[in-house]
Amino acid sequence: MREMADCNDSYPDQDIPDGTYEFKVISVAKRYGGANKDKPFYSWKLEYEGVKGEQVTMPNKMGDLLRALGCEETSPGKFSWDTDLVVNQVFSATVSHKPDKAGKIRQEMSDFKKIKEDAPF
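As a starting point, this report considers the structure included with it. All chains use their own residue numbering, which begins from 1 and follows the written sequence. Only residues with pLDDT of at least 70 get local features here, since the model is predicted, and only at 80 or more are side-chain atom pairs given and counted; chain-wide, interface and lining totals rely on the full set of residues. Working from all heavy atoms in the structure, the side-chain values ignore hydrogens and water.

### Brief notes about the overall build of the protein chain
Argument step 1. What counts as a helix is a DSSP run of H or I of at least four residues, what counts as a strand is a run of E of at least two, and both are numbered from the N terminus. Across its full length, the protein chain carries one helix and seven strands.
Argument step 2. Counted from the first residue to the last, the protein chain has its helices and strands arranged as β-β-β-α-β-β-β-β.
Argument step 3. Any two residues whose heavy atoms approach within 4.5 Å at even a single point are treated as in contact. Put simply, 46% of the contacts in the protein chain that link residues at least 6 apart link residues at least 24 apart.
Argument step 4. What sets the accessible areas is the Shrake-Rupley method with a 1.4 Å probe; for residues, cover comes only from the shown protein chains. For the protein chain, the accessible area works out to roughly 8500 Å², and carbon and sulfur atoms hold 48% of it.

### Quick word on the sheet that holds strand β3 (residues 51–57)
Argument step 1. With antiparallel pairing, five strands are arranged side by side in an open sheet as β3-β2-β1-β6-β7. On the outer flanks of this sheet lie β3 and β7 (105–114), each paired with one strand and no other. When the angles between neighbouring strand axes are averaged without regard to direction, this sheet yields 40 degrees.
Argument step 2. Two strands qualify as a pair provided DSSP detects at least 2 bridges between them. Bridge count between strand β1 (residues 19–33) and strand β6 (residues 90–99): six bridges; the pairing is antiparallel. Across the sheet, the residue bridging to Tyr-21 is Ala-93, located in β6. Here the axes come from fitting lines to C-alpha atoms, over the contacting stretch only for helices, and the angles between their N-to-C directions go from 0 to 180 degrees.

### Quick word on the environment of Asp-64
Argument step 1. Checked against the element boundaries, Asp-64 lands in helix α1 (residues 63–68).
Argument step 2. In the structure, Asp-64 is positioned 46 residues away from Ser-110 in sequence and 8.0 Å away in space, judged by C-alpha atoms.
Argument step 3. Only 2.9 Å separates the side chain of Asp-64 from the side chain of Arg-67, close enough to count as a polar contact. Whenever a nitrogen or oxygen atom comes within 3.5 Å of another N or O atom, the pair is scored as a polar contact, on the condition that within protein one atom can donate a hydrogen and the other can accept it, and that pairs from neighbouring residues in sequence are kept only if both atoms are in side chains.

### A look at the pattern of salt bridges
Argument step 1. Salt bridge, as applied in this entry: a Lys or Arg side-chain nitrogen positioned within 4 Å of an Asp or Glu carboxyl oxygen. For the structure shown, the criterion picks out four salt bridges.
Argument step 2. Between Asp-64 and Arg-67 there is a salt bridge, and its shortest N-O distance comes to 2.9 Å. With a gap of three residues between them, Asp-64 and Arg-67 both fall in helix α1, about one helical turn apart.
Argument step 3. Overall, Asp-64 belongs to the partly exposed group, its relative accessible area being 49%.
Argument step 4. On the accessibility criterion, Arg-67 (39% relative accessible area) is partly exposed.
Argument step 5. Arg-106 is the partner of Asp-100 in a salt bridge, and the nearest nitrogen-oxygen pair spans 2.9 Å.
Argument step 6. A single network of salt bridges, built from pairs that share partners, joins Asp-64, Arg-67 and Glu-73. Type-normalised accessible area, obtained with a 1.4 Å probe on protein chains alone, sets the label of each residue: buried when under 20%, exposed when over 50%, and partly exposed for intermediate values.

Okay, structure coming up:
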């Protein structure tokens, strides 16, 4: 059977440059990957300074982001939240790019803060 395969980088133009920005959540989707395709991660589509970008985040790196978005923390480090309800929420964060244990450069976010007023998007 003939197949088509897109072998390009999944996120070619969606890296967010290093710096601190105000972000508006456009969408959040839960995905699965890893060797056995069973490891969950979240793809956050974001808008900042009139540009769209993406942040891929493992659940163990999302606690401070979910707190900044006002999600319910049911017990320490465990959250009950709805991906649809965080859409259009605004927060600030600092973006950096660092190598992981294997040496691959990964985009990370830190210093999350809730933005109370409307952002100029």
